[in-house]
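Structure at a glance
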Amino acid sequence: MLVSSVFSSVFGTLVPGCVYRSQTLTFRSPARVGEAVTGRLEVIRARAMRGKGILVTCSTTISVGMDEHRDRDAFGEGNCNGQFERVCVLGEADVWLPGAMRTTASAGEENATQ
């Protein structure tokens, strides 16, 4: 559970003023003491909230790099560098950005479709 606090820290540090609304977690493998973990966020959806900012949904992943000499378990996956990692935690997070507004490009696209 401690490793999942990475996401709250990332949102609070990189997106000042955001409100961390919810988080779902699926624990797939333990992260052991002394292992370096990697947290990844990917924006999968952003919705305007009628002039009250934007609600952003992110996929969240925490993984641990795997040593070549250790046995790979069923959760080992290759990353873009060809290295294997063990996925420890998967989930989704909803973050509200109260001061954010839509860009003019997306507002223009919306007007063109109406």
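Report follows, based on the coordinates. (Residues numbered from 1 in each chain as written. Predicted model: local features only at pLDDT ≥ 70, side-chain atom pairs only at ≥ 80, totals over all residues. Heavy atoms only, no water.)

**Some details on the environment of Gly17**
The topology assignment puts Gly17 in the loop between helix H1 (5–14) and strand E1 (19–27). The sequence separation of Gly17 and Pro98 amounts to 81 residues, and the corresponding C-alpha distance is 7.4 Å. (Helix = DSSP H or I, 4+ residues; strand = E, 2+ residues; numbered from the N terminus.)

**A word on the nonpolar core**
Core analysis: the largest hydrophobic core is formed by 12 residues, namely Phe7, Phe11, Cys18, Ile54, Val56, Cys58, Ile62, Val64, Cys88, Val89, Ala93 and Val95. Mapped onto this core, the elements with two or more residues apiece are H1, strand E3 (54–65) and strand E5 (84–97). Here this core takes 5 residues from E3, the largest share from any one element. Not counting the four nearest positions on each side in its chain, Cys88 is found in contact with Thr26, Phe27, Arg28, Ser29, Pro30, Ala31, Ile62, Ser63 and Val64. (Core = buried A, V, L, I, M, F, W, Y, C linked by side-chain atoms within 4.5 Å. Buried < 20%, exposed > 50% of the residue type's maximum accessible area, 1.4 Å probe, protein only. Contact = heavy atoms within 4.5 Å.)

**Notes on the pattern of salt bridges**
Per the counting criterion, the structure on display carries 2 salt bridges. Taking the shortest distance from any N to any O, the salt bridge between Arg86 and Glu35 comes out at 3.0 Å. Residue Arg86 is located in strand E5, and its partner Glu35 is located in the loop between E1 and strand E2 (37–48); the two are separated by 51 residues in the primary sequence. For Glu35, a relative accessible area of 21% gives the class partly exposed. A salt bridge links Arg40 to Glu85; the nearest nitrogen and oxygen atoms lie 3.0 Å apart. One end of the pair, Arg40, is in strand E2; the other, Glu85, is in strand E5, and 45 residues separate them in sequence. (Salt bridge = Lys/Arg side-chain N within 4 Å of Asp/Glu carboxyl O.)

**With respect to the packing of aromatic side chains**
Tallied over the entire structure, the rule returns 1 aromatic pair. Arranged with centres 5.4 Å apart and planes meeting at 40 degrees, the rings of Phe11 and Tyr20 form a pair that is tilted. What makes Tyr20 partly exposed here is its relative accessible area of 30%. (Phe/Tyr/Trp six-rings, centres within 6.5 Å; stacked < 30°, edge-to-face > 60°.)

**Examining the state of the cysteines**
Tallied over the full model, the rule gives 0 disulfides. We note that Cys18 lacks a disulfide partner, and the nearest cysteine sulfur, in Cys58, lies 9.6 Å from it. Its relative accessible area of 18% is what places Cys18 among the buried residues. (Disulfide = S-S within 2.5 Å.)

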